[in-house]
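One letter stands for each residue in the lines below.
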Number of protein chains: 2
Amino acid sequence: MIALTILGSNAAYPSLFRKPTAQIVSISEDIFLIDCGECTQWQMLQFKIRKNKIKHIFISHLHGDHYFGLIGLLTSFSLHHRTDPIYIYAPPSLCAIICCQIKASNTNFSYSLFVYTITNATTLLETNYTTITCFPMDHKIPCWGFRFFEKKNSRKINPDKIRTYNIPFSFYPNLQRGEDYRATNGTIIKNEWVTLPNSSSHSYSFCGDTRYTESIIPFVEHSDVLYHESTYLHNEITKAYNRYHSTAVQAAKIAQLSQSKKLLIGHFSNVFDQVDLFETEAKTIFQNAEAVKEGTTYLID
Amino acid sequence: MIALTILGSNAAYPSLFRKPTAQIVSISEDIFLIDCGECTQWQMLQFKIRKNKIKHIFISHLHGDHYFGLIGLLTSFSLHHRTDPIYIYAPPSLCAIICCQIKASNTNFSYSLFVYTITNATTLLETNYTTITCFPMDHKIPCWGFRFFEKKNSRKINPDKIRTYNIPFSFYPNLQRGEDYRATNGTIIKNEWVTLPNSSSHSYSFCGDTRYTESIIPFVEHSDVLYHESTYLHNEITKAYNRYHSTAVQAAKIAQLSQSKKLLIGHFSNVFDQVDLFETEAKTIFQNAEAVKEGTTYLID
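For clarity, every value in this text was computed on a predicted model and none was experimentally measured.

**Q** Talk me through the overall build of chain A; I want residue IDs and the actual numbers.
**A** Assigned secondary structure in chain A consists of 10 helices and 18 strands. Against the globule reference of 19 Å for 301 residues, chain A gives a C-alpha radius of gyration of 20 Å, in line with a compact fold. The principal-axis extent of the C-alpha atoms belonging to chain A is close to 65 × 55 × 35 Å. Per-residue burial over chain A gives 57% buried out of 301 residues. For chain A, the proportion of contacts with a sequence separation of at least 24, taken over those separated by at least 6, is 65%. For chain A, the accessible surface area stands at approximately 12,800 Å², while carbon and sulfur atoms represent 51% of it. The averaged location of the 26 negative side-chain charges in chain A is 5 Å from the averaged location of its 28 positive side-chain charges.

Below, the structure written as structure tokens:
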């Protein structure tokens, strides 16, 4: 199962109703952050995200509404005496931006920070539970989409059986890896008693700022959930093109052509207080479309 | 009259209840911003601050909770096609931090940005209505306090008389400068009919992050309102010293020794949801003390 929590869904110019882009992707023990617009930390507080569990951060591109909250988050980790390393995947220059701000405050972070510079479509990371790839978008500056593949070999908790045994929730990821559980009195709970083979794995594709481009389709085809930016409505299709953004209808077209199962749209222009119209327009092309809401967790199962 | 609006009142580690430091000081036509912690733009939206009227920004020091919202604000000015220049007064390094972020986004701002580097106690700026000085605090890194002096020569609108004449609100600053008003039909409204001599001018002193230090007293004496940071309560006086911060009692002591008329305290540690105790402790030393509230405008008249 993949759980996606939306922290921010607005485009660049601030809105009273939404915050800039940030998303949490949880797959078993992995908690990933995609983009980190300003105020992301406060969204995490509000929506009760355990931010100290985040280890890998993916930054799509270096427009401020996608990363101006990052330096604050990294600083807070250090103020909280974090020791676990942080890994950031981002276009060039981010490392220099972070370093000059650390230097100005005359401090050192309490943890190691690794910044991987993205330069081409590749597999960025493999963990026990997840494989993450990146692919290029068509934006004003280098911008990357990300796809999160849940690994097939993880097993699925059997909800009917798990209640029979007193297994702590913290051990569930081990069960998903196929381990048996040994109770404190020595009793062994066999893995197959409480889990099922996980025949289907899932994937989530994140397509941040981009013009409409079918070049991304090979990278996102058959996504269980495809997130695609949708800054404008159809009547502003020329503005969308000129500003390297997309409309709701264009996002829906990508969902349709990539044969994705569900489309989520976001990155709405600040001029819209309500975003129902985006969803309505997307549904004219692709029925299973939804405008994201901040604080909502979408389960991909 | 000086109007002070509090946008943020929290210390470095994020709190759900408050935002990091930012304040608006309005004196006649001048609208100044002091510090610009993360989320300042959203606080401006919430509290209906006309951010495009801001021309001068004063940054006390380069710890993130005092400036991480600045790059977002500057970017928004440009997205809004601002053409009026912006003047920033800050310790060294800020200019480099801003420049590398502009460069990474491959854009140019739509307006001219001037960054003045503060290196010693001096008069930073004189406008038609205001004189602003800076003075050193005792903090981990170079940190500056600011004092805003309303200029004596401005006249005061007479509320009883002004209603008699149909003078547009936008002309009030000219009246405060002593000008007569010429109506569209040629009638002259003499300045002295609608204004009063402004015998008293006012001043507001901002003392950001600092250990208790009496060295600031010559710079802030006889302030009408003194804002002094108060990160901790008295039982954490040693922690305050070690971290280069102050307690509420220490802030009150500075107000007392400087013979200021009123004390405002802020920059509260995130562990406190409520801040009444800070005010209570300050009042044991200096009765006219108040813990600031975000969104509140304090009139100094």
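Next, the rest of the story.
**Q** Describe the relation of the copies chain A and chain B, naming the residues involved and giving the relevant values.
**A** Superposing chain A onto chain B takes a rotation of 180 degrees combined with a translation of 0.0 Å along the rotation axis, leaving an RMSD of 0.1 Å. The superposition of one copy onto the other is thereby described by a two-fold rotation axis. Residue Cys39 of chain A, judged by its C-alpha, is the member of chain A lying nearest the rotation axis, at 2.8 Å. Mapped onto chain B, 100% of the interface residues of chain A are again interface residues, and the two copies thus contact each other with one and the same surface.

**Q** Now, about the environment of His81 of chain B: what can you tell me, with residues and values included?
**A** All names here are of chain B. With respect to the element layout, His81 can be found in the loop between helix H2 (70-79) and strand E5 (86-90). In this structure His81 comes out as exposed when scored by relative accessible area, which is 60%. For the pair formed by His81 and Gly64, sequence separation is 17 residues and the distance between their alpha carbons is 27 Å.

**Q** I'd love a proper account of the sheet that holds strand E15 (residues 225-229) of chain A, names of residues and values included.
**A** Residue and element names in this part refer to chain A. If you trace the 7 strands from one edge of the open sheet to the other, you get E7-E8-E9-E14-E15-E16-E17, paired in mixed fashion. With partners counted over all chains shown, the strands left at the sheet margins are strand E7 (122-126) and strand E17 (289-291), one partner each. This sheet shows a mean twist of 20 degrees between the axes of neighbouring strands, independent of strand direction. With 5 bridges connecting them, E15 and strand E16 (residues 262-266) associate as parallel partners. Looking at the pairing, Val225 lines up with Lys262 of E16. In this fold helix H10 (residues 276-283) packs onto E16 and E17, with an angle of close to 165 degrees to the strand it touches most, E17.

**Q** So what's going on with the packing of aromatic side chains? Residues and values would help.
**A** Evaluation of the coordinates by the stated rule reveals 36 aromatic pairs over all chains. Arranged with centres 4.9 Å apart and planes meeting at 80 degrees, the rings of Phe272 of chain B and Phe278 of chain B form a pair that is edge-to-face. The two residues Phe272 of chain B and Phe278 of chain B agree in class, both being buried. Sitting over the face of the ring of Phe77 of chain A, Arg82 of chain A holds its NZ or CZ atom 4.6 Å from the ring centroid.

**Q** Outline the packing of helix H9 (residues 248-257) of chain B against helix H10 (residues 276-283) of chain B, listing residues and values.
**A** When two helices pack together, their arrangement is given by the angle between the helix axes and by the axis-to-axis distance. All names here are of chain B. Where H9 meets H10, the axes come as close as 8 Å, and the angle between the chain directions of the two elements is 45 degrees. Accordingly, the angle class assigned to the pair H9 and H10 is oblique. At the point where H9 passes H10, the crossing takes the right-handed sense. Two secondary-structure elements touch here, H9 through Ala248, Val249 and Ala252 and H10 through Phe278, Glu281 and Ala282. Grouping the amino acids of the contact of H9 with H10 by side-chain chemistry returns 5 nonpolar, no polar and 1 charged.

**Q** Tell me about the sheet that holds strand E7 (residues 122-126) of chain B, residues and numbers included.
**A** Residues and elements named next belong to chain B. Strand order in the open sheet made by the 7 strands is E7-E8-E9-E14-E15-E16-E17, with mixed pairing throughout. With one partner strand each, in any of the chains shown, E7 and strand E17 (289-291) form the two edges of the open sheet. Along the sheet, successive strands turn relative to each other by an average axial angle of 20 degrees, direction set aside. Pairing of strand E9 (residues 144-150) with strand E14 (residues 203-207) involves 4 bridges; the strand directions are antiparallel.

**Q** Explain the environment of Val115 of chain A to me, and be specific about the residues and the numbers.
**A** Residue and element names in this part refer to chain A. Tracing the chain through its elements places Val115 in strand E6 (residues 113-117). Distance from Val115 to Phe58, taken between C-alpha atoms, is 10.0 Å for residues 57 residues apart in sequence. The residues touching Val115, leaving out its near neighbours within four places in the chain, are Ile88 and Cys95.

**Q** Describe the pairing of strand E14 (residues 203-207) of chain A, with residues and values.
**A** Most of E14 of chain A is tucked away, with 5 of its 5 residues classed as buried. Taking every second residue as pointing to the same face, both faces of E14 of chain A are buried, with Ser203, Ser205 and Cys207 of chain A on one and Tyr204 and Phe206 of chain A on the other.

**Q** Help me get a handle on the pairing of strand E18 (residues 297-300) of chain A, residues and values and all.
**A** Each regular strand shows side chains that alternate between the opposite faces of the sheet. Residue and element names in this part refer to chain A. In E18, alternate side chains face the same way, and those of Tyr298 and Ile300 are buried while those of Thr297 and Leu299 on the opposite face are not. Pairing analysis gives 4 bridges linking strand E1 (residues 2-8) to E18, with the strands arranged antiparallel. Pairing of Ile2 across the sheet is with Ile300, part of E18.

**Q** Quick rundown of unusual backbone geometry? Include the residues and the values.
**A** Phi is positive for Asn106 of chain A, close to 55 degrees, though the residue is something other than glycine. Along the chain, the position of Asn106 of chain A falls in the loop between helix H3 (94-104) and E6. One non-glycine residue with positive phi stands out, namely Cys39 of chain B, at about 80 degrees. You can see Cys39 of chain B is positioned in the loop between strand E3 (30-34) and helix H1 (40-46). Given the relative accessible area of 0%, Cys39 of chain B is considered buried.

Reading the values: rules and limits
- Sequence order sets the numbering: in each chain, residues are counted from 1 along the sequence as written.
- Each chain gets a letter, beginning with A, and each ligand a number, beginning with 1, in the order they are written.
- It should be noted that, the model being predicted, local features are given only for residues of pLDDT at least 70 and side-chain atom pairs only at 80 or more, the latter also being counted only at that level, while totals for whole chains, interfaces and linings use all residues.
- Excluding hydrogens and water, the side-chain values take into account all heavy atoms of the structure.
- Helix and strand assignments follow DSSP, with helices taken as H or I runs no shorter than four residues and strands as E runs no shorter than two, numbered in order from the N terminus.
- This radius of gyration counts C-alpha atoms alone. The globule rule is 2.2 Å times how many residues there are, raised to the power 0.38.
- Accessibility here uses a 1.4 Å probe with only protein chains present; expressed as a share of the type maximum, an area under 20% marks a residue as buried, one over 50% as exposed, and anything in between as partly exposed.
- Contact definition: two residues touch when any of their heavy atoms are within 4.5 Å.
- All accessibility values rest on the Shrake-Rupley procedure with a 1.4 Å probe; residue burial counts only the protein chains present in the view.
- Counted as positive: Lys and Arg. Counted as negative: Asp and Glu, with His and the chain ends omitted from the count.
- We put the charge of a Lys on NZ, of an Arg on CZ, of an Asp on CG and of a Glu on CD.
- The copies are overlaid by a least-squares fit using only the C-alpha atoms of residues whose pLDDT is at least 70 in both copies.
- A pair of strands is treated as paired once DSSP finds two or more bridges between them.
- For helices, the axis comes from a line fit to the C-alpha atoms of the stretch in contact; other axes are also lines fit to C-alpha atoms, and the angle between any two N-to-C directions lies between 0 and 180 degrees.
- For Phe, Tyr and Trp, where Trp contributes only its six-membered ring, two rings pair if their centres lie within 6.5 Å, and the inter-plane angle classes them as stacked under 30 degrees, edge-to-face over 60, or tilted in between.
- Two limits define a charge over a ring: the Lys NZ or Arg CZ must be within 6 Å of the ring centre, and within 35 degrees of the ring normal.
- Here roughly perpendicular refers to angles of 65 to 115 degrees, roughly parallel to angles under 35, roughly antiparallel to angles over 145, and oblique to all remaining angles.
- Take the far helix as your reference; a near helix turned counterclockwise from it by less than a right angle gives a left-handed crossing, and one turned clockwise gives a right-handed crossing.
- Residue polarity follows a fixed list, in which Ala, Val, Leu, Ile, Met, Phe, Trp, Tyr, Cys and Pro are nonpolar, Asp, Glu, Lys and Arg are charged, and the others, Gly among them, are polar.

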